[in-house]
Structure formats: structure tokens, C-alpha cells
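# Observations on the model geometry
One-letter residues, chain by chain:
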Amino acid sequence: MTMSTVLLTAFEPFGGESINPSWQAATRLDGVDIAGYRVAARCLPCTFSGSLNALETAIADTRPTVVIALGQAGGRPDITPERVAINWNDARIPDNAGELPCDTPVISGGPNAYFTTLPIKAVTAALQQNGIPASISYTAGTFVCNHVFYGLQHMAARYGIAKSGFVHIPYLPEQAARIKGAPSMAETTLLTALNIIIETCITQEHDLRTAGGETH
Ligand code: PCA
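A brief structural summary. Please read all numbers here as calculations on a predicted model, not as lab measurements. (Residues numbered from 1 in each chain as written. Predicted model: local features only at pLDDT ≥ 70, side-chain atom pairs only at ≥ 80, totals over all residues. Heavy atoms only, no water.)

### Structural notes on the overall build of the chain
To be explicit about the condition: Counting from the N terminus, the helices are the DSSP runs of H or I reaching at least four residues and the strands are the DSSP runs of E reaching at least two. What the globule rule says is 2.2 Å times the number of residues to the power 0.38, and the radius of gyration is computed from C-alpha atoms. The contact criterion used throughout is that any non-hydrogen atoms of two residues lie within 4.5 Å. What sets the accessible areas is the Shrake-Rupley method with a 1.4 Å probe; for residues, cover comes only from the shown protein chains. Asp and Glu count as negative and Lys and Arg as positive, but His and the ends of the chain are not part of the count. One atom stands in for each charge, and that atom is NZ of Lys, CZ of Arg, CG of Asp or CD of Glu.
When helices and strands are tallied, the chain shows six helices and 10 strands. Its C-alpha atoms give the chain a radius of gyration of 16 Å, within 12% of the compact-globule value 17 Å for 216 residues. In terms of principal-axis extent, the alpha carbons of the chain reach across some 45 × 40 × 35 Å. Counted over contacts in the chain with a minimum sequence separation of 6, partners at least 24 positions apart contribute 79%. Total accessible area computed for the chain in this model is approximately 9800 Å², and 51% of it derives from carbon and sulfur atoms. On the chain, the mean spot of the 13 positive side-chain charges and the mean spot of the 18 negative ones are 4 Å from each other.

Structure, rendered in C-alpha cells:
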């Protein structure tokens, strides 16, 4: 019997950085088995025009049951599983192809938004219980990460993906060292976190119903 696959996507560096923590961590899990699943890690270009084609190719190649897309959220202090992807592109900085879309849809005619189908409250609780700072985020921004998250949710049903979503991660210490006051998370902690995230997404059938959310 062939093993089911968890596809872990991450991004190449962008915005003048020379590394992206999402790929630094994800690449180390390529080919690893977690909770009876095989992890396939793929790096996506940080471009509006190329990221969704690359994602679709990765999905077609690996035929995953679960897809967890990762990206860098520089300035966030903790790991943030995302709740919602919106059908909106609005770039503050050029992407890696120099594109700067302003107020365009990710997919013309698509629904305004998609929710994650990952058990993000269970993921957040599991991370916290293991001493790793985490909180749910209610915006993945309007740059390439949101673009990929929206596109992923849009294609999930077509490819028989049971659970999919997006998780933002902080800077690595070597990135934060160049920006006064910037928070960061060590790569070893990130790797522990990714193992917990993957295992929880595989094993948790229904999300927890615990109080959370934001008041502002
Ligand atoms: N973070 C960016 C795009 C690529 C990445 O890692 C974002 O949050 O949109």
C-alpha cells in the first residue's frame, strides 16, 4: 500500500532577504514520515504570476491528502495558523518578478473568501502545550501568501484534498538580527513546530471548540 502524502509548501526569499524561514525549515522535512504519512516539501516562487502554477504542479505530482502551505511573516512573534484567504491582491512591495498588483482578484469570479480546513485551534493548542508560541491569525495579508492560500483552497476539492490551509512563521534569528526589535524563532523550534503542526493536522478529525478569536 502506498503511503498518503502531506504536501508542505514554502517560499523562496523575497523583499531583499537571502533566506526564507519557511523553506529553510520545510526542506528538512522532505521525505520524512510523520503519523503514517510521507511529507513532500516544495518551494514556490514568490510571484503572483508563477506561484499558483507551481502549487498546482506540486499537487498534481504528489497527490496529497493534506496540504500545509507555509510563508514568512516578518515581525510576527509567533506561529500563526491562518483562518481566512481573501480573493484580493494588493502588493505593498514588488514580488520577485517585479509585479505590484493593486486591488485585483486572485481568481476572477471566485468567492470572496475561503476558510482553512486545517484544525487550527487544535494546532495552536498543541504548539502552546509544547512551549511554542502560537496564535490564530485572521488575515494572511494581501501579498503572495494570501494569493497562494486562496488558490490552494480554490483547487482543493478538484484534487481530492481533504484538509488544506496556510501557516505563517516568524523570522529566523539571523534575519531579525539586522532589524532592531524584530522578533524571531530558532530553526530547531520551527522544526519541532512543523512536526507538531503536521501530526495534528493528520490525526485531528474535527477541530477543537475552544474560545479564541480577537476583540479588535
Ligand atoms: N511571505 C510573503 C510571501 C512569501 C512569504 O514567505 C507573504 O506573507 O505574503
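### Regarding the pairing of strand E1 (residues 4-11)
Put simply, the rule reads: Relative accessibility under 20% of the residue-type maximum defines a buried residue, over 50% an exposed one, and the middle range a partly exposed one, all with a 1.4 Å probe and only protein chains included. Two strands pair under a simple rule: DSSP has to find at least two bridges between them.
With seven of its eight residues buried, E1 lies for the most part within the structure. Looking at chain direction, E1 and strand E4 (residues 66-72) are connected through four bridges and run parallel. Pairing of Val 6 across the sheet is with Val 66, part of E4.

### Focus: the site of the ligand
Just so we agree on the cut-off: For this purpose, a residue is taken to be near a molecule or strand whenever a single non-hydrogen atom of the residue falls within 4 Å of it. Whenever a nitrogen or oxygen atom comes within 3.5 Å of another N or O atom, the pair is scored as a polar contact, on the condition that within protein one atom can donate a hydrogen and the other can accept it, and that pairs from neighbouring residues in sequence are kept only if both atoms are in side chains. Residue polarity is assigned by list, with Asp, Glu, Lys and Arg as charged and Ala, Val, Leu, Ile, Met, Phe, Trp, Tyr, Cys and Pro as nonpolar; anything else, Gly included, falls into the polar class.
In the vicinity of the ligand, the residues found are Phe 11, Phe 14, Asn 20, Cys 46, Gly 71, Gln 72, Phe 143, Val 144, Cys 145 and His 168. Asn 20 is positioned with one of its side-chain polar atoms (N or O) 2.9 Å from an oxygen atom of the ligand. Protein coverage of the free-state accessible area of the ligand, which is 260 Å², stands at 94%. Looking at the shell around the ligand, the elements with two or more residues in it are E4 and helix H4 (144-156). In the shell around the ligand, the residues fall into six nonpolar, four polar and no charged.

### So, helix H6 (residues 187-203)
The condition is simple: Multiplying one less than the number of residues by 1.5 Å gives the expected span of a helix.
Helix length check: H6, at 17 residues, gives a terminal C-alpha distance of 24 Å against a target of 24 Å (1.5 Å per residue), a fit within 8%. Residues Glu 187, Leu 190, Leu 191, Ala 193, Leu 194, Ile 196, Ile 197, Ile 198, Thr 200, Cys 201 and Ile 202 constitute the buried set of H6.

### Some thoughts on the pattern of salt bridges
Charged atoms that come close allow side chains of opposite charge to pair. For clarity, the cut-off: Salt bridge, as used here, is a side-chain nitrogen of Lys or Arg placed within 4 Å of a carboxyl oxygen of Asp or Glu.
All chains considered together, the criterion is met by six salt bridges. Of the charged contacts, one joins Arg 38 and Asp 33 as a salt bridge, the two residues approaching to 2.4 Å between their closest N and O atoms. Classification of Asp 33 by relative accessible area gives partly exposed; the value is 41%. Lys 163 is the partner of Glu 205 in a salt bridge, and the nearest nitrogen-oxygen pair spans 3.9 Å. With Glu 205 in the segment after H6 and Lys 163 in strand E10 (residues 163-169), the pair connects residues that are 42 residues apart, well separated along the chain.

### Points about the nonpolar core
Stated precisely, the cut-off is as follows: Each nonpolar core is a collection of buried residues, namely Ala, Val, Leu, Ile, Met, Phe, Trp, Tyr and Cys, held together in the definition by side-chain atoms within 4.5 Å.
Counting 36 residues, the largest nonpolar core has Leu 8, Ile 68, Ile 79, Leu 127, Ile 197 and Ile 198 as the members making the most contacts within it. Among the elements of the structure, E1, helix H1 (21-26), strand E3 (37-44), E4, helix H3 (120-129), E10 and H6 are those that each provide at least two residues to this core. By residue number, the principal contributor to this core is H6, which donates nine residues. What Ile 198 contacts, discounting residues up to four positions off in sequence, is Val 6, Leu 8, Leu 29, Ile 34, Val 39 and Ile 68. Of all hydrophobic cores here, the second largest spans 30 residues; its members include Leu 7, Phe 11, Cys 145 and Tyr 159.

### Overview of unusual backbone geometry
Although it is not a glycine, Ala 35 adopts a positive phi angle of roughly 50 degrees. You can see Ala 35 is positioned in the loop between strand E2 (33-34) and E3. With a phi close to 45 degrees, Arg 63 is a non-glycine residue in the positive phi region. Tracing the backbone shows Arg 63 in the loop between helix H2 (51-62) and E4. Judged by its relative accessible area of 53%, Arg 63 falls in the exposed class.

### Quick word on the side chain of Thr 47
The topology assignment puts Thr 47 in the loop between E3 and H2. There is a polar contact of 2.9 Å between the side chain of Thr 47 and the backbone nitrogen of Gly 50.

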